[in-house]
Amino acid sequence: MLPLSLLKKAQNHPMLVELKNSETYNGHLVSCDNWMNINLPEVICTSRDGDKFWRMPECYIRGSIIKYLRIPDEIIDMVKDEVVAKGRGRGGLQQQKQQKGRGMGGAGRGVFGGRGRGGIPGTGRGQQEKKPGRQAGKQ
């Protein structure tokens, strides 16, 4: 389960957002983007000490200052059920079966098995092929 997919499912549901400066914001999530920036209407803000409260008509919170989000358990259960119903996590079963990269026993990128720079000595780049009957230095 990915955090952004969880946030997308939590739209129009209540949530608590705690910021890095320890302030908390309670409201219903209206929208979020790929940077975890969120919009909350009708927000109740609590000071870091917990002794002051403010009511705001709307609040935009930048994702980089969020410490954590508290989302209702039923949203988390819905996302878990979707992942199980699809039969896959990140990447999917089909992609895992087809993958032939590192550690999967496939050839990888190289034509000859992709095992470093080894190979036949003397046939690398910058070295001329030696032909029988010719000596180095004679032309």
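Residues numbered from 1 in each chain as written. Predicted model: local features only at pLDDT ≥ 70, side-chain atom pairs only at ≥ 80, totals over all residues. Heavy atoms only, no water.

- An unreviewed UniProt entry annotates the protein chain as U6 snRNA-associated Sm-like protein LSm4 of Echinops telfairi.

**Topic: the overall build of the protein chain**
So, step 1. Each helix and strand counted, the protein chain has 3 helices and 6 strands in total.
So, step 2. Of all 139 residues assigned to the protein chain, the portion counted as buried reaches 21%.
So, step 3. Entry remark: accessible area of the protein chain is about 11500 Å², with carbon and sulfur atoms responsible for 50%. (Helix = DSSP H or I, 4+ residues; strand = E, 2+ residues; numbered from the N terminus. Buried < 20%, exposed > 50% of the residue type's maximum accessible area, 1.4 Å probe, protein only. Areas by Shrake-Rupley, 256 points an atom, 1.4 Å probe, with all protein chains shown as cover.)

**A closer look at the nonpolar core**
So, step 1. In terms of nonpolar packing, the biggest core is built from 19 residues, with M15, V17, Y25, L29, I38, L40 and I61 touching the most fellow members.
So, step 2. Ranked by residues supplied to this core, first place goes to strand β4 (residues 38-46) with 4 residues.
So, step 3. If we skip the residues at most four places from it in the chain, I61 touches V17, L19, Y25, M36, N37, I38, L40 and I66. (Core = buried A, V, L, I, M, F, W, Y, C linked by side-chain atoms within 4.5 Å. Contact = heavy atoms within 4.5 Å.)

**Quick word on the side chain of S47**
So, step 1. Looking at where S47 falls in the secondary structure, it is placed in the loop between β4 and β5 (53-61).
So, step 2. Dropping the residues within four chain positions of it, S47 is found in contact with S22, K52 and W54.

**Things to note about the environment of I44**
So, step 1. Positionally, I44 belongs in strand β4.
So, step 2. Classification of I44 by relative accessible area gives partly exposed; the value is 33%.
So, step 3. Setting aside its immediate chain neighbours within four residues, I44 contacts T24, Y25, N26, W54 and R55.

**Structural notes on helix α2 (residues 73-86)**
Note that an α-helix has 3.6 residues per turn; residues three or four places apart therefore point the same way.
So, step 1. Spanning 14 residues, α2 covers 20 Å between terminal C-alpha atoms, matching the ideal 20 Å at 1.5 Å per step.
So, step 2. Looking one or two residues past α2, G87 carries a phi angle of roughly 75°, positive in sign. (Expected span 1.5 Å × (residues − 1).)

**Points about the pairing of β5**
Along any regular strand the residues' side chains alternate between the sheet's two faces.
So, step 1. Two elements, β4 and β5, share 8 bridges in a ladder whose sense is antiparallel. Across the sheet, residue I38 finds its bridge partner in β5, namely I61.
So, step 2. Between β4 and β5, which pair antiparallel in sequence order, lie 6 residues; one of them, G50, sits at a positive phi of approximately 85°. (Pairing = 2+ DSSP bridges.)

**Some points on the pattern of salt bridges**
So, step 1. Tallied over the entire structure, the rule returns 2 salt bridges.
So, step 2. The closest approach of N and O atoms between E82 and K9, which form a salt bridge, is 2.8 Å. Linking E82 in helix α2 with K9 in helix α1 (residues 3-9), this pair joins segments that are 73 residues apart in sequence.
So, step 3. When its relative accessible area of 34% is taken as the criterion, E82 is described as partly exposed.
So, step 4. Of the charged contacts, one joins K67 and E18 as a salt bridge, the two residues approaching to 3.2 Å between their closest N and O atoms. One end of the pair, K67, is in strand β6 (residues 66-70); the other, E18, is in strand β1 (residues 14-19), and 49 residues separate them in sequence.
So, step 5. Residue classification places K67 among the partly exposed positions, given a relative accessible area of 44%. (Salt bridge = Lys/Arg side-chain N within 4 Å of Asp/Glu carboxyl O.)

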